[in-house]
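What follows is the residue order along each chain.
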Amino acid sequence: LTGDRKNRYRIAIDIGGTFTDVVVSDGGEMHVGKGVTRRERAFPAILEGLEAAEPPLPVGASQCLAAADLITYGTTRAVNAIVEGRTARTAFFTTAGFPDTLLLREGGKRGRFTQIEYGDPYVPRYLTFEIEERVDADGTVFRPLEEASVLDAIERVGAAECDAVGVCLIWSVVNPRHELRIGELLEEGLPGVPYTLSHRLNPIVREYRRASATVIDASLKRLMQAHLRQLEQDVRAAGFEGQLLVTTSFGGSWPAEEAIERPIYSVGSGPSMAPRAGIAYAKAELGLEDREANLLVCDTGGTTFDVSLVREGEIQQAAETWIGNRSTGHITGTRSVHVESIGAGGGSIAWIDAGDLLRVGPSSAGADPGPACYGRGGSEPTVTDAAVALGHLDPGRFLGGRIRLDAARAREALAAKVAAPLGLDLDAAAEAVMVVATTQIVGAIREITIAQGIDPREMVLVAGGGAAGINAVPIARELGCERILLPRTAGAFSAVGALYAELISEFAATSYAETRSFDRAAVNDVLDLLTAEAERFLARLDGLATSDAGVQFSVDARYPGQVWDIPVPLPTPRFERGDDVEALERAFHAAHRRRFAVEEPGRHVECLTWKARAVASPVRSQLASPPIDARREPVVQSAYFPQFGRASVPVVDGASLAPGRRIAGPAIVSEPTTTVVLYPSSTATAGRHGSYLIEVGSGGRR
Amino acid sequence: MSVVADRKLDPILLAVLSNRFETIVREMENTLLRTGRSAVLNVSRDFSCAVVTADSRLLSAGDGLPVHVIGMDRLARNVFALHDDVREGDAFLDNDPYLGNTHPADHTILVPVFVGGRHLFTAVAKAHQADCGNSEPTTYMPAARDVYEEGALIFSGLRVQRDRDNDEDVIRMCRRRIRVPDQWYGDYLATLGAARIGEARIVELCERYGIDRVEAFVEEWFDYSERRIVEAIQSLPAGELEGVGSHDPVPGAPEGIPVKVKIGVDPAAARIRLDLTDNVDCVPSGFNQSETCAINNAMTGVFNSIGGDVPQNAGSFRRIDVELRENCVVGIPRFPHSCSVATTNVADRLVMVVQKAFADAWDGYGRAEGASGMGPGSAVISGRDRRHSDEPYINQKIAGCQGGPAGPEVDGWVTYQNAVTAGLMFRDSVEIDEQKYPIRIAEVRIRPDSEGAGRRRGAPGARIGFGPRFDSLIAHYIIDGYRFLPRGVRGGLDGTRSEARKALADGREIELPPISEEEVRPGETLIQHTSGGGGYGDPLEREPERVRDDVLRGFVSFARAREVYGVRFVREAIEAGLAVEESATATLRARLRAARE
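Figured I'd write up the structure that's included with this text. Position numbers for residues start from 1 in each chain and track the written sequence from start to end. Written order determines the labels here, with chains lettered from A and ligands numbered from 1. Local features in this predicted model are restricted to residues of pLDDT 70 or higher, and side-chain atom pairs are both shown and tallied only at a pLDDT of 80 or more, whereas totals for entire chains, interfaces and linings draw on every residue. Excluded from the side-chain calculations are hydrogens and water; all other atoms, namely the structure's heavy atoms, are used.

### Description of the overall build of chain A
Piece 1. The secondary structure listing takes helices from DSSP runs of H or I that are at least 4 residues long and strands from runs of E that are at least 2 residues long, numbered from the N terminus. Scanning chain A from N- to C-terminus turns up 18 helices and 35 strands.
Piece 2. For 702 residues, the compact-globule estimate of 2.2 N^0.38 gives 27 Å, and chain A sits close to it at 26 Å.
Piece 3. C-alpha atoms of chain A, sized along the principal axes, occupy 80 × 65 × 60 Å.
Piece 4. The proportion of buried residues among the 702 residues of chain A is 62%.
Piece 5. Contact between two residues is taken to exist if any of their heavy atoms lie within 4.5 Å; hydrogens are not considered. Put simply, 68% of the contacts in chain A that link residues at least 6 apart link residues at least 24 apart.
Piece 6. Accessible area of chain A: about 25,400 Å², with a carbon and sulfur share of 49%.
Piece 7. Working convention for charge: Lys and Arg count positive, Asp and Glu count negative, and His plus the chain ends are omitted. A charged residue contributes its charge at one atom only: NZ of Lys, CZ of Arg, CG of Asp or CD of Glu. Averaging the positions of the 72 positive and the 89 negative side-chain charges in chain A gives two centres separated by 3 Å. The globule rule used for comparison is 2.2 Å times the number of residues to the exponent 0.38, while the radius of gyration itself is calculated over C-alpha atoms. Partly exposed residues are those whose accessible area sits between 20% and 50% of the maximum for their type, while under 20% is buried and over 50% is exposed, using a 1.4 Å probe and protein chains only. All accessibility values rest on the Shrake-Rupley procedure with a 1.4 Å probe; residue burial counts only the protein chains present in the view.

Have a look at this one:
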């Protein structure tokens, strides 16, 4: 680093429902602070976070902003607006004959014999308008667009005082002419009203997913525009002169203008940053190359345990993300970082069912009243209460001392609601709660790993989030992972990830092709178009990106008859020769075998959606070494471990551990935003960049 | 009941292992969904997976369909009784409705799981085929007088793999006799793959926890499940109930097929007895229930009535007795009567007659009846695809939806389809269907005022239309709910009638027979108006705000809101501010009540 750049700051912000995490990197140190989220404006919480940063910033908040060259901003605002029903009143334009696409969804109710309420569509039926037109599967126009039906719909949209319009026509992904014309008519008839055309936003086959993405996007445009413009104004007024980036569900970031243009990609952007943080720590602490990074990234909060995967340096993506429950909520329809959310966080409630089986969740005590040990009126025992009863949390230093835990209340709740009905003593009951929660988490992880052909035993578990350290060791043991990486900044995991987010944008076009009768020229035309779009994105980055910017191509492909495609990277960026097509076929067979354990060599492959992903890295900052305060002495606390019993174990202050120091379990390492519970025969080593590397050992099993 | 007494296993392991078995079944399901080739598997998800103990008791059933999972146990028992040389590496193929399978279109793969040289479990995967070699291009043969006219290849516990190698003779036979053989073979691989994945995971699990502990778990899990159902039955009133209903007229039964059940609910003994013996003999058409279907559909009606949270396995099954008789349409089929349509239609009626009997007896229990049958909206379509050098195609297409019944607390589920699948199946995407098959779907829309009104209403039905893009196609369908409607309960109204129609090339729309193999020519559209589900309770007791929401949803018209629900609005205009006029509503409701007397 040159002397000039040394004082430049990079700031990452993650706005959650309750707290706002702020992380500042000055190239040497990482400062982490929290502020209280305000509903209307992001800026006050950011200022609070900067002022409360640990270790404290050498300059004031506004000097820091003035001296920063980059802010990466992530927010749950879009999701919250949807959940709370505060999005724009949005109209839906659909092909005549299909007014109920958003209502009917894709079926797939859960629960054979239980009745549940059916979910309302994202756009009510009375704001849905049928457009007289129809395009066929091959793009030919079966029924030309009747503009009168569009004009009529536009008039009624105006009368109903809608603030946004989503347009999704059948087969617009193959022939977008009608959608484009409707776009023109909207510009003329409803100037200034934001609208989204499905083929531009998310050109995938399957009308429900595309329509859902389209109307959600349209409904967020005005809101996110106002929100981001306000934020930009606020930080500029404070003297910030650098670039403002916004995180996306892709696991990357892009300039604020892009986020205003396609706000649906900010849905789920917070959790999508966790694997980014995981990669940054794994590379720094374990010295892994990108290709060697096979990570299971956990992010544990109060109500959920989120898991995402990194495979050979690539963050695993998913096509199915739901807002609300599967089949009663709304699918986002966009490809995003695959984050599996399990209802087994610290606040999940333990209960005994009518057959005397111990269950954990899905009910959660949340943050209010919270677990019984918070002493705020909660009386149901939670996972956190079990950890307190087992002596695995230090009541005085939980969340940096922000909440003083009441161990007696935790024990009371467990005794009454778990131990007594099961006829167990208190320690066994608390252990049972931990084991059941762990089992649920392990089951969900097995589903997203083994079911995808991924062996969790080859992965490093990265434990992020304030509550991850409580059961990271048993989870890893149960999965067969040998190593855990637990960052000290686990409590602000998504914000740390945002600091390392790459600038990513994805462009897609649907053009059906079969490898047995491959029209190279037609596919190359599509790829050229995508290349041009990707390069335009990179050009707009305004010097932010480093020189390693590039474009990666892939195609969603399948065997004949299959309908669930899998993404396959293109071996070549264009198809110049017949060999190139064969190489694609081979790549598909291999990808299919990896995922499903079978392949069908000799069978041709169907190609559906072609994708270009533009990726550029912002200038990277280094993970710094934290200061050591060796004067802090360990204290001793009584704790219980399975097959070991109760014993006095040391509670070590993390700030006292110099890099390379080893702590052998049973022990507890306490950090301001997280706690590391070391089970017997596991050991933790302090890393150079403020993480713990845990060898889980055998734990008496296996 | 003693609850905590004589526990052999620690309570933690009980929770852990039950979860692990469910995870295994879900992994099997995921494999089948992602690798299946026909739309009925990879889109509609018409398949189920399960783990059964070596002595053939159902242990774990994941998200399987009601009609598939209960009875996997009976099938396994019958198949293994045929072989005394079962060993590791074997796989069995069965679709024999006289041997414990559901109907011949459900090909089931059973893989015995050996651990330490012992057969401990069986991994089972059952998948509805796009074709099963019937004499006509459909997997449901309503008019088949017997199994010979039906024509399906029937496999009775056939060993299809030994040492993990296919019996290629059988594969060749299937390739000759099943339409679109590549599609069948791809689906066979997917089903086999699912069972093999289950096998591998169960072996790992036993190695991890030890056979003794896993076996102890199994018994405890059954005991636990039994405790759960005991608790549920004890919360019911005592009584002898009787349920009567009828399927529409069909070939071989011109007045319809009556379905009768006697139900004994005994909370003191914590048992439920279902007597199906007072039903007519087998009919000379495809509508006979297989033994497994008769049992599982009657039991589904019970589970629908006692709460879905009770685990469904051999433990809870101990408390339900089903009495059947031989040569009975809802009993034990006498060979060679056909069971081609055993999983829908009469099956749907059986589920619903049981749940309706509970509702008729006691307010707050049971459910109304929902839609049933396999009309044009879920027809099996076949033809040739000129986009791919005239390759033949065949598949059951599930693009529409049929309305679900109301329960005491909850309105009907919109994409219910029928009682035996209960909304669990997926709906086809219009675009995926049109990409896979040379068809054009003209419309899928909710049919207003088709719901069975009630305090809780049934879900509305829909109007679905489709036709060929280029060359004629054949559609096989079997409507039910044309003559005998989905009935409401406790003052709730019936759902509307299900109808088949066709829009001709000249624009006229004609009505078609409820059961048909219909040629649909280019320019024509085959249409179904599907039934809504029946209502539960008096529609005049429905909260006016719920009626308002239904009006805004397009489910209920203003006229129906007034006339059937007795709800008046300040202004009858579809807009966000639509408001109930409370005093006018109270007056109207009082008048409608008085008019009834």
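### Brief notes about the overall build of chain B
Piece 1. Within chain B, the secondary structure is distributed over 15 helices and 21 strands.
Piece 2. Taken over C-alpha atoms, the radius of gyration comes to 24 Å for chain B, in line with the 25 Å a tight globule of 597 residues would show.
Piece 3. With the C-alpha coordinates aligned to their principal axes, the bounding extent of chain B is approximately 75 × 70 × 45 Å.
Piece 4. By residue count, 68% of the 597 residues in chain B fall in the buried class.
Piece 5. Considering only contacts in chain B between residues 6 or more positions apart, those separated by 24 or more positions represent 71%.
Piece 6. Working note: accessible area of chain B is about 18,300 Å², and carbon and sulfur atoms make up 49% of it.

### Describing the pattern of salt bridges
Piece 1. Salt bridge criterion: a side-chain nitrogen from Lys or Arg within 4 Å of a carboxyl oxygen from Asp or Glu. Counted under the stated rule, the structure contains 112 salt bridges over all chains.
Piece 2. When the shortest N-O distance is used, the salt bridge between Arg553 of chain B and Asp120 of chain A registers 2.7 Å. Placement of the pair is Arg553 of chain B in helix H13 (residues 544-553) and Asp120 of chain A in the loop between helix H5 (101-104) and strand S6 (128-131), with the two residues belonging to separate chains.
Piece 3. Note on Asp120 of chain A: relative accessible area 38%, which makes it partly exposed.
Piece 4. For the salt bridge of Lys502 of chain B with Glu518 of chain B, the shortest nitrogen-to-oxygen distance reads 3.2 Å. Highlighted residues: Lys502 of chain B in strand S18 (residues 499-503) and Glu518 of chain B in strand S20 (residues 515-520), separated in sequence by 16 residues. Exposure class is identical for Lys502 of chain B and Glu518 of chain B. Each is buried.
Piece 5. Linked by salt bridges that have partners in common, Glu117 and Asp120 of chain A together with Asp411, Arg456, Arg457, Arg542, Glu543, Arg546, Asp550 and Arg553 of chain B make up one network.

### As for the interface of chain B and chain A
Piece 1. The interface of chain B with chain A comprises 86 residues on the first partner and 85 residues on the second.
Piece 2. Buried area counts how much accessible surface, traced with a 1.4 Å probe, disappears from two parts once they are put together, with both parts' losses summed. Taken together, both faces of the contact between chain B and chain A bury some 7,500 Å²; the carbon and sulfur share is 54%.
Piece 3. Elements supplying a minimum of two residues to the side of chain B that touches chain A: helix H1 (11-35), helix H3 (66-69), helix H7 (181-209), helix H8 (211-234), helix H9 (291-306), helix H12 (430-436), strand S15 (439-446) and H13 of chain B.
Piece 4. Counting residues per element, the side of chain B that touches chain A draws most heavily on H1 of chain B, at 14 residues.
Piece 5. Each residue gets one of three labels, nonpolar for Ala, Val, Leu, Ile, Met, Phe, Trp, Tyr, Cys and Pro, charged for Asp, Glu, Lys and Arg, and polar for the others, Gly among them. Of the residues contributing to the side of chain B that touches chain A, the split by class is 38 nonpolar, 18 polar and 30 charged.

### What about the nonpolar core?
Piece 1. Core analysis: the largest hydrophobic core is formed by 157 residues, its most contacted members being Phe21 and Phe121 of chain B.
Piece 2. Of the residues forming this core, the biggest block, twelve residues, is contributed by H1 of chain B.
Piece 3. If you look at the next biggest cluster of nonpolar residues, it comprises 109 residues, including Ala68, Ile82, Cys168 and Val526 of chain A. By convention a nonpolar core is built from buried Ala, Val, Leu, Ile, Met, Phe, Trp, Tyr and Cys residues, the set being connected through side-chain atoms within 4.5 Å.

### So, the packing of helix H14 (residues 426-449) of chain A against H1 of chain B
Piece 1. The N-to-C vectors of H14 of chain A and H1 of chain B enclose an angle of 10 degrees; their axes lie 9 Å apart at closest approach. Taken together, H14 of chain A and H1 of chain B sit at an angle that is classed as roughly parallel. Here Ala428, Glu431, Ala432, Val435, Val436, Thr439, Gln440, Gly443, Arg446 and Glu447 of chain A of H14 of chain A lie close against H1 of chain B, whose contacting residues are Ile12, Ala15, Val16, Asn19, Arg20, Thr23 and Arg26 of chain B.
Piece 2. Partitioning the contact of H14 of chain A with H1 of chain B into residue classes produces seven nonpolar, five polar and five charged. Lines fitted to C-alpha atoms define the axes here, with helix axes fitted over just the stretch in contact, and angles between the N-to-C directions of these axes take values from 0 to 180 degrees. Roughly parallel here means an angle under 35 degrees, roughly antiparallel means over 145, roughly perpendicular means 65 to 115, and every remaining angle is called oblique.

### Observations regarding the sheet that holds strand S11 (residues 320-323) of chain B
All names here are of chain B.
Piece 1. If you trace the four strands from one edge of the open sheet to the other, you get S8-S9-S10-S11, paired in mixed fashion. Only two strands of the sheet have a single neighbouring strand rather than two, namely strand S8 (239-247) and S11. For this sheet, the mean inter-axis angle between neighbouring strands, taken without regard to orientation, is 15 degrees.
Piece 2. Relative to strand S10 (residues 271-275), strand S9 (residues 257-266) runs antiparallel, the two sharing five bridges. Residue pairing across strands places Val265 opposite Ile272, the latter belonging to S10. Strand pairing follows a simple DSSP-based rule, namely that at least 2 bridges must link the two strands.

### Comments concerning unusual backbone geometry
Piece 1. A cis amide bond links Gly361 of chain A to the next residue, Pro362 of chain A, at an omega of 0 degrees.
Piece 2. Tracing the backbone shows Pro362 of chain A in strand S22 (residues 358-364).
Piece 3. With an omega of 5 degrees, the peptide bond between Phe335 of chain B and Pro336 of chain B qualifies as cis.
Piece 4. Structurally, Pro336 of chain B is set in the loop between S11 and helix H11 (346-361).
Piece 5. Even without being glycine, Glu161 of chain A reaches a positive phi, approximately 55 degrees.
Piece 6. Mapped onto the secondary structure, Glu161 of chain A falls in the loop between helix H6 (147-159) and strand S9 (164-168).

### As for the environment of Val341 of chain B
Residues and elements named next belong to chain B.
Piece 1. Among the secondary structure elements, Val341 is positioned in the loop between S11 and H11.
Piece 2. The class of Val341 is buried, set by a relative accessible area of 0%.
Piece 3. Residues Val341 and Lys126, 215 residues apart in the sequence, show an inter-C-alpha distance of 16 Å.

### Overview of the pairing of S9 of chain A
Residues and elements named next belong to chain A.
Piece 1. Burial of S9 is extensive: five of the five residues sit out of reach of the surface.
Piece 2. Of the pairings in the sheet, the one linking strand S5 (residues 90-95) to S9 comprises five bridges and is parallel in character. Bridge pairing in S9 links Phe92 to Gly166.
Piece 3. When S9 meets strand S10 (residues 195-197), the two strands line up parallel, connected through three bridges. Residue pairing across strands places Val165 opposite Tyr195, the latter belonging to S10.
Piece 4. The parallel pair S9 and S10 is bridged by helix H7 (residues 177-189), and the resulting crossover is right-handed. For the handedness criterion, the strands are oriented away from the viewer, and a crossover whose path from the first strand over the helix to the second runs clockwise is classed as right-handed.

### A look at the sheet that holds S6 of chain A
Residue and element names in this part refer to chain A.
Piece 1. Sheet architecture is open: four strands sit in the order S6-S5-S9-S10, paired in parallel fashion. Only two strands of the sheet have a single partner each, and these edge strands are S6 and S10. The sheet shows a mean angle of 20 degrees between the axes of neighbouring strands, taken without regard to direction.
Piece 2. Sheet analysis places S5 next to S6, joined by four bridges and oriented parallel. Note that in S6 the partner of Phe92 across the bridge is Thr128.
Piece 3. The sheet strands contacting H6 are S5, S6 and S9, and the helix crosses S6 at an angle near 165 degrees.
Piece 4. Across the sheet, helix H9 (residues 207-237) is in contact with S5, S9 and S10; its angle to S9 comes to roughly 160 degrees.

### Observations regarding the side chain of Glu443 of chain B
Piece 1. For Glu443 of chain B, the position within the fold is in strand S15.
Piece 2. We classify Glu443 of chain B as buried; its relative accessible area is 13%.
Piece 3. Only 2.9 Å separates the side chain of Glu443 of chain B from the side chain of Arg445 of chain B, close enough to count as a polar contact.
Piece 4. Excluding anything up to four places from it in sequence, Glu443 of chain B contacts Gly97 and Phe98 of chain A together with Arg463, Ile464 and Gly465 of chain B. Contacts described as polar in this section are N or O atom pairs within 3.5 Å, which, within protein, must combine one atom able to donate a hydrogen with one able to accept it, while residues neighboring in sequence count only if both atoms come from side chains.

### Some words on H6 of chain A
Residue and element names in this part refer to chain A.
Piece 1. Counted at 1.5 Å a residue, the expected span for H6 with its 13 residues is 18 Å, and the 18 Å between its end C-alpha atoms agrees.
Piece 2. Contacts from the buried residues of H6 go to S5, S6, S9 and H7.
Piece 3. Glu161, located one to two residues past H6, shows a positive phi value of around 55 degrees. Here, expected helix span is obtained from the residue count minus one, scaled by 1.5 Å.

### Some words on the pairing of S22 of chain A
Residue and element names in this part refer to chain A.
Piece 1. Strand direction decides the pairing type here: strand S21 (residues 348-352) and S22, joined by four bridges, are antiparallel. Bridge assignment links Trp351 to a residue of S22, and that residue is Arg359.
Piece 2. In this structure, the hairpin formed by S21 and S22 is closed by a connection of five residues, where Asp356 is found at a positive phi of approximately 70 degrees.

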